[in-house]
Every structure is written in C-alpha cells, then in structure tokens.
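Structure assessment
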Amino acid sequence: MSTATYPETWDLDVFFKGGSESEELKQHLHTYGEKIEVFAKKVEQFQTPASSDSSYLVYQHIQEAKGIMMGVFQAGAFASCLEAQDMNDTGAGVIRGKVTAMGAEFSSAFQAFQQKLSKTEDQVWDELLKDDGLKEYTFIMTEWREAAKDKLSEAEEGLISALGVDGYHGWGQMYNALVSEMSVEIEVDGEVKTLSVGQANNLRSHEDPKVREDVHQKLEAAWSKNENLFAQTLNHLGGYRLAMYKKRGWDDFMKEPLEYNRMKPETLDAMWGAISKSKDAFVKFLDHKAKLLGLEKMSWAHIGAPLSESVKKLSYDEGAAFILKHFKKFGPEMAAFAEKAFEDGWIEAEDRAGKRPGGFCTGFPLSEQSRIFMTYSGSMSNVATLAHELGHAFHTYALRPMDPLNRRYAMNVAETASTFAEMIVSDAAVKEADTKDEQAALLEDKVSRSIAFFMNIHSRFIFEQRFYEERKEGFVTAKRLNELTTEAQNEAYAGAVTDNEPHFWASKLHFHITGVPFYNFPYTFGYLFSLSVYARALEEGQAYEEKYMALLRDTAVMTTEDLAMKHLGEDITTEAFWMKGIELCIQDAEEFVRLTSE
Ligand SMILES: [Zn+2]
C-alpha cells in the first residue's frame, strides 16, 4: 500500500517568492511595464506592409507581443491565485489593479498593430502568409484581418472603446452595484437571517422545503421590487450593442457571439434543434423527481431540491487515488500528468476559512505550469470538481507544443477537456457506488447538469434572442421582459414546471456581462461536444489518448466545424451529431427513474 500524502496547499513561490509582497513580482511588473511602452512606440511607427519585404518586421512585432502577453498572463494568474486563497489579502487587490491596467495598455497597442496590419492589400497579404515565420499564424492572422474588415475606421473604433468605458461597461458595473445593495430575510432553523441574494441562492438546495419555498418567493419579490432599475441596465447594455452593430453595418446580432465562438449559425440551430426534440426524457425525470419529493408536479422552488444525500466521504488522498485510477483507464499520459500535479503542489484544496468559493484552473505560461483552486471537503462532487479542473490543466498541457499565440481557444471548446475528465470520474462513481441510494444520488447529480444545459440555458438563449429582437424597436419594459422570460421558460422546460420565475432576466448576472454577449449557448455546446469526444474514447479505449490530445492541440487554430470534421469525422451542422451526446444523457435520466421506481 502506498502511503503517499499529497500536499493540500499549492506552491506559488516557484513563480514569485513572497506572496502579495513579492519583490520578484514588483520587478516583473516593472520590466513588463517598460516592454509595453516600447512596444506601443514601435506600433505607432509601424506602417501597413506595402510589400513582403516587411514580413520580418511583422514577425518581430508578433514575437514581441507574444512575449509581453505571456508575462502579463503570468502576473495575472499569480494575482488570481492570491485573491482566491485569501480574500482578506489587500495586497492581492493592488496587484490585480496593476495587472489590469497593464493588460489594457498592451491590448490597445496590440489592437492598433492588428488594425494596421489588416489593411495590407490582398496580394501582399498572401505573400506575407507564405513567409516561414508567419505561416504558422495563418489562422489567427486571417481572423484578425476578417475582424478588422468588418469594423469601422481605427479612429471610430477607438472612440467606441473610449465611450464604452462609461456608456457600456458602466451599466454592467451599475448592475453589480445594485445587486450588492439587495438583501432578503430568510428563516432557517428557526432563526431569521438577512442574506445577500447570492447567499439566498445557495439555499435553493436546502433540505427543508419551507426554506426553498421561502427563498423562491422572497427572491422573486426582491427582483420584482427593483425591476424597473434592472430594465434600465439590461436595455442600455443591449441598446449600446445594437447601436454599435448598426454603425458597423451588421444586421445580425448573432454575428459577434458566433464569430467569437468560431462557429456557424447552422451549427447552433442543429444543436438546439436536437435538444428541442429530446425534452421528453427530461420532462419525465422532473415529473418523477417531483413525485419523490411528494409534489404533484415540479415547481421552480424545488428544482434544486436534494433527494438523498450521497453519504460517501473520501479523504483528499482517497479522492486523488480515485481520480488517478480512472484516468489511467483512459490513457497513461493524462494519469501521469495528474499524478505530477498532485505531487508537485499544483493544487490548492484545503478546507479552511477565508478562501473564495468555487473552483478554477489558471496557467502560468512562462513556467509551463498550471494551478488549480478549489475547496475539498470530501464529497463525491468535490472529487468531480477536482477532476474537472485537472481536465482544464491537461488541456493547457496538451497545447504545449503549440506556439503561445495558437493556444487561445474560445469559450465553447474551453470546457471540452474539463467535462471529459469530470465525466470519467462521475461515470465511475455511479458504477462503483456501494448502495442503490448512493447510485441514485450520483445519477441525479449528473442528470441535473443535463437539465441545466438543455432546459435552463436553453431558456436563457430563447429569452436573449427575443429580447434583442424587440430591443431593436425600442425600450423593452420590465413587464414585457417578464413575459418574454415566462414564454422562454415554458418552451425550454416543455411544460415540466408548473410555475415560472418571471424575473430570471434580472437575477441572472450572465445577461449583464459586458465581455461577451450571449453568455449561454457556449456552455451547452461545450458539454455536448465533450460528451461526443467521451463517447468516442469509450469506444476506442486507451489508444484514443493520442488522438484526443491532437484534438485538444487544434482547439485554438480552427473553427469548431473543422475541428469536429478533422478529429471526429463528424458534421456538427447536423442534428444527428448532437443527438449522440444527448442520447447518453437520456440514458442517465431513464436509469435514474428506473432505479428510484422500484
Ligand atoms: Zn470549467
């Protein structure tokens, strides 16, 4: 028996010694600050290439930008780790501020470079791409050029960005400020507590049905009371985007989110089409869950209700051993990688006060290492989260042979490796469960994720599309937003839920994120895409690992349609492709109903 004890806290000193007071980090920030200044000056002097003689100069600029990007990411990743491990570390906030400012400065210089470069005439451009050094950037350089073509002049785009700080992002910040002022009073265990909306949301899975009912009603009432304020924030965010699209001559509001995710509209249609045709099994699941809860029909208050607690607890070492054992079945490289991550202090898992909730994985490009953050308290779902984050880290590892500029994948494929790794572990957990109750609890956890992706996120997508459509004609009132939400929920849940949450549009932060619009469908895409890859791995066994890693390497240098065709031989613009992944989820839902009906 091995008695290996893995460290439960991570090692950050290998990057910069001394935490938020690190002298090494100060020096690093100073060095990269200067590099950015130099780069910005060079960009000012840079002129659109008139002949292929400029190819070396272009190459040099790209290399310089790449180096800066890696340095800024390294510092940003360090700041994220510091902020997460101790929420009271004020020094971490100061570092974050500096890194954000540096990042903004760099990205405006880099964008100016991309725009100047993109104006290159067709013939010269083709010659540039034949250059030995530039060849490998063909995909991303073409993307820069296409993006620049669709935009207004440099000066106009500059003005849009400048006005956007207060006129656009400001509305997102206003939303956060308004939400942070809100609170609700909930009675838990005979004690009335004043909670933030985030804390109240966490009680949606409370075991006492009265608490869940109370939370549902109080939150709806709270959002309802402020609905006119949130109608302002949402309408101005949407209005700004639509005005910008109009000026650029874009008539389709899906253009930006689809291009950002490197996918075609047909692909999105096929995905939702397949999902819409597959609601039955999930409606039955919710009907059945309602019955198990003693309800006639499912209602919003109880969707998140726990059925039975999965009792099994695993120590951190046992959790790690469980992950390694099952990763090994899929391939030696992933297992060896994970073992090294456990051994070398890549993971911060300790259950202690002062840590930020949730989990993430971040890469340190200059060191070719990743760090994983989470809080491990011994549940099977903690083990799954740990596997999920290790999957992200493995994606970064698989990308190592690629040029750093060819490692930036979009949101929809970002969850491929993580969902894949999580699936290995959660499937194994169901199979190895000691009792039927345990097995049902684990399955319910899996199916609930399908409900989230196929129903909840579907309702968000339907709502957002219709909102944008109506926003074109003018301000959409709170009353109308409630109606649109209700309709979207009824459609997406296919009648499985008796009531509605009409103010969901106000309560969901994702509608107010200013980084990317339509922060919903990429989640569902990633989940189903990953399931298809997983299904393939089940078929092919250990030999699949090499192909799997080749797929991960290509995630940042091709469209999703090309990626699936090259590595899976699948046409993702057809519903048949999406059906395969959905089928696996239907099996889980049916198995759950069977197990709990006996
Ligand atoms: Zn993830």
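For the structure given in this document, a descriptive report is provided here. Computed from a prediction, not measured in an experiment: that's the story for all the values here.

**Some words on the overall build of the chain**
- Looking only at helices and strands, the chain has 25 helices and five strands in total.
- Computed over the C-alpha atoms, the radius of gyration of the chain is 25 Å, within 12% of the 25 Å expected from 2.2 N^0.38 for a compact globule of 598 residues.
- Considering only C-alpha atoms, the chain reaches an extent of 75 × 65 × 50 Å along its principal axes.
- Taking all 598 residues of the chain together, the buried fraction comes to 53%.
- By sequence separation, contacts in the chain at least 24 residues apart represent 76% of the contacts at least 6 residues apart.
- Here the chain has roughly 26,900 Å² of accessible surface; of this, 51% comes from carbon and sulfur atoms.
- The centroid of the 64 positive side-chain charges in the chain is displaced by 2 Å from the centroid of its 95 negative side-chain charges.

**Quick look at the nonpolar core**
- If you look at the biggest cluster of nonpolar residues, it comprises 141 residues, and the most contacted ones within it are Phe282, Phe327, Phe342, Ile347 and Phe521.
- The greatest single-element share of this core, amounting to 14 residues, is contributed by helix H19 (residues 436–471).
- Each residue touching Phe342, except ones within four places of it in the same chain, is listed here: Tyr6, Pro7, Tyr316, Ala320, Ile323, Leu324, Ile347, Leu386 and Leu390.
- Counting 45 residues, the second-largest nonpolar core is a separate cluster that includes Phe39, Val58, Ile62 and Leu82.

**A word on the pattern of salt bridges**
- Considering all chains together, one arrives at 37 salt bridges under this definition.
- With its nearest N and O atoms 2.8 Å apart, the salt bridge here joins Glu350 to Arg352.
- Residue Glu350 is classed as partly exposed on the basis of its relative accessible area of 31%.
- Measuring nitrogen to oxygen at the nearest pair gives 2.8 Å for the salt bridge that ties Asp554 to Lys566.

**Digging into the packing of helix H18 (residues 416–431) against helix H22 (residues 521–540)**
- Here H18 crosses H22 at 55°, and the two axes come no closer than 8 Å. It follows from the interaxial angle that H18 and H22 lie oblique. The element H18 and its partner H22 pack so that their crossing is right-handed. In this structure, H18 uses Thr416, Thr419, Phe420, Met423, Ile424 and Asp427 to contact H22, whose residues at the interface are Tyr527, Phe529, Ser530, Leu531, Val533, Tyr534 and Ala537.
- Tallied by class, the residues present in the contact of H18 with H22 amount to nine nonpolar, three polar and one charged.

**Focus on the coordination of the zinc ion**
- Distances from the zinc ion to its protein donors, His388 (NE2), His392 (NE2), Glu415 (OE) and Glu415 (OE), fall within 2.1 to 2.6 Å.
- Each of the four donor atoms around the zinc ion contributes to a set of angles spanning 52 to 138°, which defines the coordination as irregular.
- Look at where the donors of the zinc ion fall in the sequence and you get H-x3-H-x22-E. Of the two residues, His388 and His392 both sit in helix H16 (residues 380–398), four residues apart, roughly one turn of that helix.
- Assessed through its relative accessible area of 15%, His388 is described here as buried.

**Some remarks on helix H9 (residues 209–225)**
- Here H9 spans 24 Å end to end across 17 residues, near enough to the 24 Å set by a 1.5 Å rise per residue.
- Every buried residue of H9 is listed here: Val211, Arg212, Asp214, Val215, His216, Leu219, Glu220, Ala222 and Trp223.
- In the core, the buried residues of H9 are packed alongside helix H7 (169–181), strand S1 (184–188), helix H8 (197–202), helix H10 (227–248) and helix H21 (504–507).
- Structurally, the start of H9 carries an N-cap: the backbone nitrogen of Lys210 is 2.9 Å from a side-chain oxygen of Asp208.

**A closer look at the packing of aromatic side chains**
- Within the structure shown, the criterion is met by 48 aromatic pairs.
- Each member of the aromatic cluster is reached from another via a ring pair, and the members are Phe253, Trp272, Trp300, Phe461, Phe463, Phe467, Tyr468, Tyr493, Phe504, Phe511, Phe518 and Phe521.
- The residue whose ring lies beneath Lys255 is Trp250, and the NZ or CZ to ring-centre distance is 4.9 Å.
- Here the basic side chain of Lys355 rests over the ring of Phe373, its NZ or CZ set 4.9 Å away from the ring centre.

**Here's the deal with the pairing of strand S5 (residues 369–373)**
- Counted residue by residue, S5 has four buried out of five residues, so it is predominantly covered.
- Sheet analysis places strand S3 (residues 347–348) next to S5, joined by two bridges and oriented parallel. Across the sheet, Ile347 pairs through a bridge with Ile372, a residue of S5.
- Bridging between strand S4 (residues 360–364) and S5 involves five bridges; their strand directions are antiparallel.

**Re the environment of Pro306**
- Counting through the fold element by element, Pro306 comes out in the loop between helix H13 (280–292) and helix H14 (316–330).
- The exposure class assigned to Pro306 is partly exposed, which follows from its relative accessible area of 31%.
- When the C-alpha positions of Pro306 and Pro209 are compared, they lie 9.9 Å apart, and in sequence the two are 97 residues distant.
- In contact with Pro306, other than residues within four places in its own chain, are Ser205, His206, Glu207, Arg212 and Leu293.

**Side note on the environment of Lys313**
- Turning to its location among the elements, Lys313 is positioned in the loop between H13 and H14.
- Along the backbone, Lys313 and Gly526 are 213 residues apart, and their C-alpha atoms lie at a distance of 29 Å.
- Apart from residues lying up to four places away in sequence, Lys313 is in contact with Glu318, Ser377, Gly378 and Ser379.

**Things to note about the side chain of Asp89**
- Inspection of the secondary structure puts Asp89 in the loop between helix H2 (55–85) and helix H3 (90–118).
- Summary of buried charges: Asp89 has no salt-bridge partner, and the nearest side chain of opposite charge, Arg352, is 9.7 Å away.
- Here the side chain of Asp89 touches Gly91 through a polar contact of 3.2 Å, landing on its backbone nitrogen.
- The residues touching Asp89, leaving out its near neighbours within four places in the chain, are Ser20 and Leu82.

**Observations concerning the sheet that holds S3**
- The strand order S3-S5-S4 describes an open sheet built from three strands, whose pairing is mixed. Only two strands of the sheet have a single partner each, and these edge strands are S3 and S4.

Analysis parameters
Residues numbered from 1 in each chain as written. Predicted model: local features only at pLDDT ≥ 70, side-chain atom pairs only at ≥ 80, totals over all residues. Heavy atoms only, no water. Helix = DSSP H or I, 4+ residues; strand = E, 2+ residues; numbered from the N terminus. Rg over C-alpha atoms; globule rule 2.2 N^0.38 Å. Buried < 20%, exposed > 50% of the residue type's maximum accessible area, 1.4 Å probe, protein only. Contact = heavy atoms within 4.5 Å. Areas by Shrake-Rupley, 256 points an atom, 1.4 Å probe, with all protein chains shown as cover. Lys, Arg positive; Asp, Glu negative; His and termini not counted. Charge placed at Lys NZ, Arg CZ, Asp CG, Glu CD. Core = buried A, V, L, I, M, F, W, Y, C linked by side-chain atoms within 4.5 Å. Salt bridge = Lys/Arg side-chain N within 4 Å of Asp/Glu carboxyl O. Axes fitted to C-alpha atoms, helices over the stretch in contact; angles between N-to-C directions. Parallel < 35°, antiparallel > 145°, perpendicular 65-115°, else oblique. Left-handed = near helix turned anticlockwise from the far one by under 90°. Nonpolar A, V, L, I, M, F, W, Y, C, P; charged D, E, K, R; others polar. Donors = N, O, S within 2.8 Å, 3.2 Å for Na, K, Ca; no water. Tetrahedral: all angles 85-135°; square planar, octahedral: opposite > 155°, others 65-115°. Expected span 1.5 Å × (residues − 1). Polar contact = N/O pair within 3.5 Å; in protein donor to acceptor, adjacent residues only side chain to side chain. Phe/Tyr/Trp six-rings, centres within 6.5 Å; stacked < 30°, edge-to-face > 60°. Lys NZ or Arg CZ within 6 Å of the ring centre and 35° of its normal. Pairing = 2+ DSSP bridges.

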